[in-house]
Amino acid sequence: MTRLDTRMRRMRRDDFSRRLMRESTLGVDDLIYPVFVHDREGRADVPSMPGVARLSIDELLRVADIASELRIPALALFPVTAPEAKSLDAAAAWDDDGLCQRAIRALKARFPQLGVITDVALDPYTTHGQDGLVDDAGYVLNDVTVEALVRQALSHARAGADIVAPSDMMDGRIGAVRAALEADGHVHVRILAYAAKYASAFYGPFRDAVGSATALGKADKATYQMDPGNSDEAMREIAQDLDEGADMVMVKPGMPYLDIVRRAKDEFGVPVFAYQVSGEYAMLKAAAANGWLDERACALEALLGFKRAGADGVLSYFALDAARWLRAG
Ligand SMILES: NCc1[nH]cc(CCC(=O)O)c1CC(=O)O
Ligand SMILES: [Mg+2]
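It should be emphasised that the depicted structure is a prediction, and the values quoted were computed from it without experimental measurement.

Draft legend 1. Broad picture of the environment of Val261. Take Val261: it is sitting in helix H9 (residues 258–268). Distance in space between the C-alpha atoms of Val261 and Asp312 is 9.8 Å, their sequence separation being 51 residues. Among residues more than four places away in sequence, those in contact with Val261 are Val251, Val272, Ala274, Phe306, Ala309, Gly310 and Ala311.

See the structure below:
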């Protein structure tokens, strides 16, 4: 029997005592803003992601200025490759004058204190939209893909990337990238490993944004991204990536996988990040646009949930708005 004088509501009575006992908080230091860059002038809205646009490098610098001013620690760059620059061997991925590399250099020249995270994966560059190189049957080949990813990561590091983030789910790529970075003198470049990345349908709007959806067609990524039913397997993936030299690990998507975030933090005690992916953003935006949900309250609650689950930070398309909302109090 619960004692009658144990009144849980006592601490909830006033704002001051609610604040004192709050275990997790969300701050601007927890936010990473993903941005799409294209090789064109101006901005192009992404219809399935209201409020998100593909940006020219000039527009990217404008957004970076806002993010810096809000004290957001880092941006995550996602290039949109023109169809004519895509190929079977994804060679544009390690072109030192490629769009991503130019965007990195422009950002680091103007905003040296703003962290730049790059995506290491071949899907923006392949004609078929898969994250790796394929054989005649369309199967994504592991080891040749790892070689390509190493070239891509080195090219990002040479351009000045602070953090490279392999999101491809090939086996052994973290160790290969780490060794190559060390050998090339990029000893300070951090690796954020998308260690537990699931074959999720929540990436749909992102694939629209970068144009890999059309390339991918009806194909999926189930032979390399994880099965949504698995959790022990995620722990093995994380253990491997840490062992191979990852500085941070990522769980992706976010909200449907908060149990994985919690397990990762409890079992490894390393920096864990979560990606509130495009589909999660689209859901909240759509409900808010219909007047069904309060956008600000729900977005902030969802982001706080990542912190409570054990994440050290969140990649979120809400990052700019969230930083403004947090500042307004
Ligand atoms: N390397 C691909 C990549 N990097 C980030 C996302 C998804 C991010 C989002 O949905 O917001 C994806 C999609 C995919 O695996 O097809
Ligand atoms: Mg792995």
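Draft legend 2. Broad picture of a nonpolar patch on the surface. Residues Tyr139, Leu141 and Val144 make up a contiguous nonpolar surface patch of about 250 Å² in total accessible area. Along the polypeptide, Leu141 turns up in the loop between strand S5 (115–120) and helix H4 (142–159).

Draft legend 3. Structural detail: the site of ligand 1. The immediate surroundings of ligand 1 are formed by 18 residues, with Arg207, Lys221, Lys252, Ser278 and Tyr317 found nearest. Between ligand 1 and the protein, one listed contact pairs a nitrogen atom with a side-chain N or O atom of Asp123 at 2.9 Å. At 2.6 Å from an oxygen atom of ligand 1 is found a side-chain nitrogen or oxygen belonging to Arg207. Protein contact buries 100% of the 400 Å² of open area that ligand 1 shows by itself. Partitioning the shell around ligand 1 into residue classes produces 8 nonpolar, 3 polar and 7 charged.

Draft legend 4. Inspection of the side chain of Lys307 at higher detail. Checked against the element boundaries, Lys307 lands in helix H11 (residues 295–308). Owing to a relative accessible area of 18%, Lys307 belongs among the buried residues under this scheme. Among all residues touching Lys307, those that are not within four sequence positions of it are Ser24, Thr25, Leu26, Asp30 and Asp312.

Draft legend 5. Main features of the pairing of strand S6 (residues 163–166). Side chains Ile163 and Ala165 of S6 all project onto a buried face; the interleaved residues Val164 and Pro166 project onto the opposite face, where all are buried too. Handedness of the crossover is the feature at issue here: the chain leaves S5, passes through H4, returns alongside S6, and the resulting connection is right-handed. Relative to strand S7 (residues 190–197), S6 runs parallel, the two sharing 2 bridges. Across the sheet, residue Ile163 finds its bridge partner in S7, namely Arg190. In the classification by handedness, the crossover that spans S6, the intervening helix H5 (residues 173–183) and the parallel S7 is right-handed.

Here is what the cut-offs are and how they apply
- Each residue is numbered by its place in its chain's sequence as written, counting from 1.
- The lettering of chains begins at A and the numbering of ligands begins at 1, in the order of writing.
- Local features are withheld for residues below a pLDDT of 70 in this predicted model, meaning they are given only at 70 or higher, and side-chain atom pairs are given and counted only at 80 or more; totals for whole chains, interfaces and linings count all residues.
- The side-chain numbers reported here are obtained from all heavy atoms of the structure, hydrogens and water having been left aside.
- Secondary structure elements are taken from DSSP: a helix is a run of H or I of four residues or more, a strand is a run of E of two residues or more, and numbering for both begins at the N terminus.
- Should any heavy atoms of two residues lie within 4.5 Å, those residues are considered in contact.
- Each patch is built from salt-bridge-free residues with over 30% relative accessible area, joining like charges within 9 Å and nonpolar side chains (Val, Leu, Ile, Met, Phe, Trp, Tyr) within 5 Å.
- Calculation of accessible area relied on Shrake-Rupley with a 1.4 Å probe; when residues are assessed, cover is drawn exclusively from the protein chains displayed.
- Any carboxyl oxygen of Asp or Glu within 4 Å of a side-chain nitrogen of Lys or Arg constitutes a salt bridge here.
- It suffices for a single heavy atom of a residue to lie within 4 Å of a molecule or strand for the residue to be listed as near it.
- Any pair of N or O atoms that falls within 3.5 Å is considered a polar contact. Within protein, one atom must be able to donate a hydrogen and the other to accept it, and sequence-neighbouring residues count only if both atoms are side-chain atoms.
- Residue polarity is assigned by list, with Asp, Glu, Lys and Arg as charged and Ala, Val, Leu, Ile, Met, Phe, Trp, Tyr, Cys and Pro as nonpolar; anything else, Gly included, falls into the polar class.
- Think of it in three bands: with a 1.4 Å probe and only protein chains considered, a residue is buried below 20% of the maximum accessible area for its type, exposed above 50%, and partly exposed in between.
- Here the term right-handed applies to a crossover when the path leading from its first strand over the helix to its second strand runs clockwise, the strands being oriented away from the viewer.
- For two strands to pair, DSSP has to find at least two bridges joining them.

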